[in-house]
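The primary structure of each chain is shown beneath.
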2 protein chains.
Amino acid sequence: MKQVKVFLDESEIPRQWYNILADMPTPMSPPLHPGTGQPVGPDDLAPVFPMNLIEQEVSTERWIDIPEEVMEKYLLWRPTPLCRARNFEKLLNAPVKIYYKNEGVSPPGSHKPNTAIAQAYYNKAFGVKRLSTETGAGQWGSALSMACQMFGLECRVFMVKVSYQQKPFRGMMMQVWGANCFPSPSDKTEAGRKILAEHPDSPGSLGIAISEAIEDSVMDPDARYSLGSVLNHVLLHQTINGLEAQKLLEKVGVYPDVVIGCTGGGSNFGGLCLPFVQDKINGKEVSIVAAEPTSCPTMTRGPFAYDFGDTAQTTPLLAMHTLGHDFVPAPIHAGGLRYHGMAPIISHLVKEDIIEARAYDQVQTFEAGVNWARSEGFISAPETNHAIAAVVQEAERAKEEGKEKVILFNWSGHGLVDLAAYDAYLSGKLQKYEMPDEEIARALKAIEGLPKP
Amino acid sequence: MKQVKVFLDESEIPRQWYNILADMPTPMSPPLHPGTGQPVGPDDLAPVFPMNLIEQEVSTERWIDIPEEVMEKYLLWRPTPLCRARNFEKLLNAPVKIYYKNEGVSPPGSHKPNTAIAQAYYNKAFGVKRLSTETGAGQWGSALSMACQMFGLECRVFMVKVSYQQKPFRGMMMQVWGANCFPSPSDKTEAGRKILAEHPDSPGSLGIAISEAIEDSVMDPDARYSLGSVLNHVLLHQTINGLEAQKLLEKVGVYPDVVIGCTGGGSNFGGLCLPFVQDKINGKEVSIVAAEPTSCPTMTRGPFAYDFGDTAQTTPLLAMHTLGHDFVPAPIHAGGLRYHGMAPIISHLVKEDIIEARAYDQVQTFEAGVNWARSEGFISAPETNHAIAAVVQEAERAKEEGKEKVILFNWSGHGLVDLAAYDAYLSGKLQKYEMPDEEIARALKAIEGLPKP
């Protein structure tokens, strides 16, 4: 009987997060205050985030202890297994060994609670009573709802209205966990009311939802804002996954030639890959591949530039790969990958040629995802299918080159509440989509005049 | 850091199923041919099931080897973890230790593939090319779809039309796994066409769907019918779960005072409990509790009698607790528990006072389920919430008695595609429901005149 899965014993779970900022080979460009053009300091962020998380955001300590209270909640589903995709390997018929880390076993079904639990804990410890956030597809909103419930925090989620209507299950999930989920634009904020007055039928956007969540939190001294990706401390919390993967691979006795993750804001990718980036910086030979959608090709076609994190221009300027803060991606089904920017850490590593970005079309990703489900059983999130498409590509290359290869990827979440997307694919309703050059050029006008990194 | 989960290494997974028929303290009443009133022989069942499964159905061997090919597919998600519900314990504030076996980690999200994989394998080995089945809520239909895909069998699922429309995600899941799912009544069978001609708007029923699936399979010599619960061989395949649980509890160093499962046809309950029933028969002190809905109180209010397994009276007569074969349960959300009968094995054990049946109202079960989700994170299937309600009751009794107790229950599946039911509960739309005596008396008229066990 051939081995398929390896588990860590709970006693073997990593007790510290890994902070890549300690090992960056070149300095990162700091976030800038949009008014002054000067680097933002901790005090600038204090109305938005609690100081303990701001300290983590700027820390250069290599290892940061995971608090006991966070660990206790992680153990509800962590450590997650490392699995060998033997049936998918057979299907691809290439000289590859494919391993995947299964982050879909968490209660909301993805990697998102790794940081949601930590953020809820730190906010609670700082005396915060309520968190506000936005969500697109709903993975993040549901993870934060659960985390807030567990630490006794109130939680408000502004969910892009069109998603709220198309994916009612995510909103219901948040309610089961005791959160209030509002379709955005809502009448709860000035920003929302303004949009509703002008466009009563507005389908909403992530940009609007972010504006609502920030406004909703900064108006209340007991509340703070929470973000599910992009920022340094978010990627930090996710590294527990890559650290587990390293221990598990050691048990199996292999080291990957290629490590793959899909990228929207960068958090699931960073979580798995950053510990391997550390190895690479220390001389190990390993390819690290970020898989993004061709409909939102932030790293493959967007420049490395200073830009706002949100459409309403309320955040500091971040040095990152971006398509421009008012870029509106095509309505593909991988809602978690439809973000105009990319985590500054990931962007910096792409710029430094330490990791490689590739773009995949949604039709290609669903083809990979259906083949996966039919051989391995599990139905992947549409986001995760981008990583699987990259795995297929790597396997094909290995076959052409006649070279054996060990591939590791992050199975970032299941697609059980995204089945309408599979239905669209199977009934031939999904279109290939490549962004026209003119559209990118037009979107990038938004960053003209901003400082350059 | 207190232990929460225990895993078996794949090398420790049980390699045999446990057959309770070897240890029954009193003989079970055999299934009868409805025409002759005589016990049915293997040949009577041959048009419906392959002979290798018929042999398992009547076997009295205590241990039956799990084929390598089945084991290989089990390893995609098995062995499943044993978890201690420390957060739920804290909430209940009673002197209990609560352990649960997490069967929700399988690709379709429940225990159902334990037998789906085995049935697909044995049918394939027998030369069958296609399986037909029915499904109510869709858990079984999706599990068999996946299993058929993995063994290269065609699969047709007749899904009760009202469920097909209310739960489109289950149908989509079946399509992802390559099955054909038809709303029943359909125009694919004589039975379906007859109903449609008389009642074009019929919402369908499990009884009609079973008739369609049996007809669809017996008309084609290359096809067979497949059932997801009730029968001996189905419960046999499920015992891998209870056997894993016993090994895991041994690792933890505890033995349960109470073992609990919810019961619709009896398969998830039997899977966890039958190995503990063996212990009990051999002298061990342990309570074994079957939790059923008050809206379909098969064991708590139905007699032990001979009855048909389906509404259309096409099956042999089974000796079981039953509410009568044309009983139509109230439309509660736990679709998997809405069956008029109960597995003959489970019914016999209730009759012999080896296991105890209790009924829970759906409002009470959702209250338990929401408290579970808010403390343990995971959102349970509505069926599973019946088991959690029984856990709560056991904890309350322990508190009253001031007695420490170890409770084990089967977390048979997650509720991520059943969130509309939670929404109904949270918005106050669910009603308490107790079946009136007259209604039971009326339903039981259907078994008047049938042989008695």
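Residues numbered from 1 in each chain as written. Chains lettered and ligands numbered in written order. Predicted model: local features only at pLDDT ≥ 70, side-chain atom pairs only at ≥ 80, totals over all residues. Heavy atoms only, no water.

1. Some details on the sheet that holds strand 11 (residues 287-293) of chain A
Residues and elements named next belong to chain A.
Phase 1: Here we have seven strands laid out as an open sheet, ordered 1-4-5-15-10-11-14, and mixed in their pairing. The two strands at the open ends of the sheet, each matched to only one other strand, are strand 1 (5-6) and strand 14 (356-360).
Phase 2: Of the pairings in the sheet, the one linking strand 1 to strand 4 (residues 82-84) comprises two bridges and is antiparallel in character. When the bridges of strand 4 are listed, Lys5 appears paired with Cys83.
Phase 3: Strand contacts of helix 15 (residues 362-376): strand 4, strand 5 (96-102), strand 14 and strand 15 (405-411), with the helix running at about 90° to strand 14, the strand carrying the most contacts.
Phase 4: Docked against the sheet, helix 16 (residues 382-401) engages strand 5, strand 10 (258-262), strand 11, strand 14 and strand 15, running at close to 175° with respect to strand 15. (Pairing = 2+ DSSP bridges. Helix = DSSP H or I, 4+ residues; strand = E, 2+ residues; numbered from the N terminus. Contact = heavy atoms within 4.5 Å. Axes fitted to C-alpha atoms, helices over the stretch in contact; angles between N-to-C directions.)

2. A word on the side chain of Lys167 of chain A
Phase 1: Tracing the sequence through the fold places Lys167 of chain A in the loop between helix 7 (161-166) and helix 8 (168-176).
Phase 2: Leaving out residues up to four positions away in the same chain, Lys167 of chain A has contacts with Ala137, Met159, His333 and Asp418 of chain A.

3. Quick look at the pattern of salt bridges
Phase 1: Throughout the structure, instances matching the rule amount to 42 salt bridges over all chains.
Phase 2: Between Glu10 of chain A and Lys5 of chain B there is a salt bridge, and its shortest N-O distance comes to 3.0 Å. Residue Glu10 of chain A is located in the loop between strand 1 and strand 2 (16-18), and its partner Lys5 of chain B is located in strand 1 (residues 5-6); the two belong to separate chains.
Phase 3: The exposure class assigned to Lys5 of chain B is buried, which follows from its relative accessible area of 5%.
Phase 4: The partner of Glu103 of chain A in a salt bridge is Arg78 of chain A, and the shortest N-O contact between them spans 2.9 Å. One end of the pair, Glu103 of chain A, is in the loop between strand 5 and helix 5 (113-125); the other, Arg78 of chain A, is in the loop between helix 3 (68-74) and strand 4, and 25 residues separate them in sequence. Of the two residues examined, Glu103 of chain A and Arg78 of chain A, each falls in the buried class. (Salt bridge = Lys/Arg side-chain N within 4 Å of Asp/Glu carboxyl O. Buried < 20%, exposed > 50% of the residue type's maximum accessible area, 1.4 Å probe, protein only.)

4. So, the pairing of strand 15 of chain A
Residue and element names in this part refer to chain A.
Phase 1: Burial analysis of strand 15 places seven of its seven residues in the buried class, the great majority of the element.
Phase 2: Residue alternation in strand 15 divides its side chains into two sets, Lys405, Ile407, Phe409 and Trp411 and Val406, Leu408 and Asn410, and both sets are buried.
Phase 3: Inspection of the sheet shows strand 5 paired to strand 15 by seven bridges, in the parallel sense. Its bridge partner lying in strand 15, Lys97 is registered against Val406.
Phase 4: Pairing analysis gives three bridges linking strand 10 to strand 15, with the strands arranged parallel. In the strand pairing of strand 15, Val259 is matched with Leu408.

In short, the description is geometric, and any link to function would need to be established separately.
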